[in-house]
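A look at the structure
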Amino acid sequence: MPIQDTIASSQTFFRTLSAQAAAFLPNLVAAILILLIGFFLARWLAALVSRAFGATGHTDETVRGPLVAIVRYLVIVLTLLVALTQVGVQMTSLLAVLGAAGLAIGLALQGTLTNIAAGIMLLWLRPFRVGDYIETQTFAGSVREIGLFVCHLETFDGLFVFAPNSTLWNVWMRNHSRAPSRLLAWSITLPREVDLEAARSTLTEAWSREDEGRSQLAEPEAFLDQLTADAQVIVFRGRVQDGSTARAQRWTAQTIRQIFVERLGAAAEPRAIQRIVPGDADPSRYLGSGDAPVAGRPPRREGDAGPSV
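Residues numbered from 1 in each chain as written. Predicted model: local features only at pLDDT ≥ 70, side-chain atom pairs only at ≥ 80, totals over all residues. Heavy atoms only, no water.

Another point: helix α7 (residues 245-264). For α7, spanning 20 residues, the distance from its first C-alpha to its last is 27 Å, which sits close to the expected 28 Å at 1.5 Å a residue. Maximum bend of α7: about 40°, positioned at W251. Residues of α7 that are buried: T245, A248, T252, T255, I256, I259 and F260. Immediately beyond the C-terminal end of α7, within one or two residues, lies G265, with a positive phi of roughly 95°. (Helix = DSSP H or I, 4+ residues; strand = E, 2+ residues; numbered from the N terminus. Expected span 1.5 Å × (residues − 1). Bend = angle between axes of the 7 residues up to and from the residue. Buried < 20%, exposed > 50% of the residue type's maximum accessible area, 1.4 Å probe, protein only.)

See below:
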């Protein structure tokens, strides 16, 4: 091919390329502007929806985060579709490609989709809420955020826990904040010489008063649990309202010792005070069938039968 024909062909090619680039460049700039505006709009709408939920006060904090995330992702997806349409991608072809890509991604990211399904079930059934203290087989902590993919928790010593939703949905869980009250019990070992009825009445009367530091323990009850040749073991139990459990656990044992020493003398000082944590398999020793599981039950009348053992 003569050199003149080659040059002419090259010039024709570059002229065609320049013409197509000049025609495509405005669409590309428009697509980029659409993306920038869409991403800004997604962030702005997410912040607006979050503020609106916070202002109403009727939306649970548990579902606020996922709803805000859904709004943001929805705007981003619509922005991408509009931008691709602007550069000439046909919507029909795009939907076909997205369907095939979605199938492939779904097969590759089965674990992620499992987390999304678990997140939806957690939001629907609400076994816990933001702020609850939960315990699983592997960790325990306060729930800080519930998302579509993961939950953020904080342990009692301040560690950050990044927990996929499926790890919370597929295992047993304890929610320490769900019930309005909790039953706490202590085992008190006293010398055999101490009068049992005096010890029982001393404990129940002390916590029945509205004294500072003792009003957190409601419905106090004391009963004889074991009797040996040189000691007697009393179980003292009561209910604490949500938020007062830690205080009761820290100070009740010390308060029990002070009460016995001050009111019954140094000879009645307990030999041992231990907080009881009944096993899940047999809590009947400290929770009878007649006991209500939450606070607010009517008090037992004098002469009523005690809890079954």
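So, about the sheet that holds strand β3 (residues 150-154). Each strand in a sheet pairs with another by means of backbone hydrogen bonds, the pair being arranged parallel or else antiparallel. Pairing in this open sheet of five strands is antiparallel, and the strands run β4-β3-β2-β1-β5 from one edge to the other. Two strands close off the open sheet at either side, each with one partner strand: β4 (160-164) and β5 (174-175). (Pairing = 2+ DSSP bridges.)

Attention now moves to the environment of R144. By the element assignment, R144 lies in strand β2 (residues 140-146). Each C-alpha atom of the pair R144 and F160 lies 9.6 Å from the other, and the pair is 16 residues apart in sequence. If we ignore the near neighbours within four places in the chain, the residues touching R144 are V130, H152, L153 and E154. (Contact = heavy atoms within 4.5 Å.)

This part takes up a nonpolar patch on the surface. A contiguous nonpolar surface patch, about 630 Å² in accessible area, is contributed by L25, L28, V29, I32, L33, L36 and I37. Examined against the element boundaries, V29 turns out to sit in helix α1 (residues 3-56). According to the relative accessible area criterion, V29 is partly exposed, its value standing at 41%. (Patch = residues over 30% accessible without salt bridge, like charges linked within 9 Å, V, L, I, M, F, W, Y side chains within 5 Å. Areas by Shrake-Rupley, 256 points an atom, 1.4 Å probe, with all protein chains shown as cover. Salt bridge = Lys/Arg side-chain N within 4 Å of Asp/Glu carboxyl O.)

Strands sit in the order β7-β8-β6-β9 across an open sheet of four strands; the sheet is antiparallel. The open sheet terminates on both sides in strands that have one partner only, identified here as β7 (217-227) and β9 (272-276). The sheet shows a mean angle of 20° between the axes of neighbouring strands, direction not considered. Taken strand by strand, α7 contacts β6 (181-191), β8 (231-241) and β9, and its axis lies near 25° from that of β6. (Axes fitted to C-alpha atoms, helices over the stretch in contact; angles between N-to-C directions.)

Chain-level statistics for the chain give a pLDDT mean of 76 and a share of 72% at 70 or above. Low pLDDT (under 50) marks residues 292-309, which in the prediction has 26 contacts with non-local residues, meaning those over four places away or in another chain. (pLDDT = per-residue confidence, 0-100.)

The next subject is the pairing of β7. Summarising the sheet, β7 and β8 pair through eight bridges and their orientation is antiparallel. If you follow F223 over to β8, its bridge partner there is V235. Between the end of β7 and the start of β8, which pair antiparallel, lie three residues.

To continue, consider unusual backbone geometry. Phi at R126 is positive, roughly 55°, even though this residue is not glycine. Along the chain, R126 falls in the loop between α4 (110-125) and β1 (133-135). On the basis of relative accessibility, which here comes to 25%, the residue R126 falls in the partly exposed class. Located in the positive-phi region is E219, a residue other than glycine, with phi close to 55°.

Taken across its five residues, β3 has four buried, putting it largely inside the fold. Sheet topology places β2 next to β3; four bridges connect them, and they run antiparallel. Along β3, the bridge assignment pairs I146 with C151. Connecting the antiparallel pair β2 and β3 is a turn made up of three residues. Note: β3 against β4, five bridges, orientation antiparallel. Across the sheet, E154 pairs through a bridge with F160, a residue of β4. Hairpin geometry of β3 and β4 is characterised by an intervening segment of five residues between the two adjacent antiparallel strands and by a positive phi of about 90° at G158.

Of all hydrophobic cores here, the largest spans 19 residues; its most connected members are I188, L190, L203, W207, F236, I256 and F260. Of all the elements in the fold, those that place two or more residues in this core are β6, α6 (196-208), β7, β8 and α7. If we skip the residues at most four places from it in the chain, I188 touches L203, Q232, V233, I234, F236, I256, F260, P270, A272 and I273. Membership of the second largest hydrophobic core comes to twelve residues, among which are L123, F128, F139 and A163. (Core = buried A, V, L, I, M, F, W, Y, C linked by side-chain atoms within 4.5 Å.)

It is worth spelling out the side chain of T189 at this point. Within the secondary structure, T189 sits in strand β6. Discounting chain neighbours no more than four positions away, the residues touching T189 are A231, Q232, V233, P270, R271 and A272.

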